[in-house]
Amino acid sequence: MATQFGQMTSEQIWLALASYFTYTQLFIAVSVAAVTSVTIDKLFHRQGNNWVKTKRFNN
């Protein structure tokens, strides 16, 4: 959020804080889900996810 000096309102500050804390909570949830998935894959000796790179150029 970009504003000029002196033009930020209290509503914008609260919106910025709410956005920040919402983002951090979502990041924690996604991180926990990823670690759980990798751990379960290791426990059950599954392949897990494989990265498939798209061929972009014909050489």
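Just so it is clear, the structure is predicted and the values come from calculations on it, not from any experiment.

Thresholds applied
- Residues numbered from 1 in each chain as written.
- Predicted model: local features only at pLDDT ≥ 70, side-chain atom pairs only at ≥ 80, totals over all residues.
- Heavy atoms only, no water.
- Helix = DSSP H or I, 4+ residues; strand = E, 2+ residues; numbered from the N terminus.
- Contact = heavy atoms within 4.5 Å.
- UniProt positions renumbered as here; feature names shortened; annotations may be inferred.
- Salt bridge = Lys/Arg side-chain N within 4 Å of Asp/Glu carboxyl O.
- Buried < 20%, exposed > 50% of the residue type's maximum accessible area, 1.4 Å probe, protein only.

Engineer: Looking at this model, I keep getting lost on the side chain of aspartate 41. Mind explaining?
Structural biologist: Turning to its location among the elements, aspartate 41 is positioned in helix α1 (residues 10-43). Residues in contact with aspartate 41, not counting those within four places in the same chain, are Arg46, Gly48 and Asn49.

Engineer: Would you take a moment to explain the UniProt feature "transmembrane region" (unreviewed entry) in the chain for this structure?
Structural biologist: Within this numbering scheme, the UniProt entry marks residues 20-40 as carrying the feature "transmembrane region" (unreviewed entry). Regarding residues 20-40, the helix share stands at 100% and the strand share at 0%, and the terminal C-alpha atoms are separated by 30 Å.

Engineer: Quick question: what am I supposed to make of the pattern of salt bridges here?
Structural biologist: A side chain of one charge can pair with a side chain of the opposite charge when the charged atoms of the two come close. Tallied over the full model, the rule gives one salt bridge. Aspartate 41 is the partner of arginine 46 in a salt bridge, and the nearest nitrogen-oxygen pair spans 3.1 Å. Classification of aspartate 41 by relative accessible area gives buried; the value is 13%.

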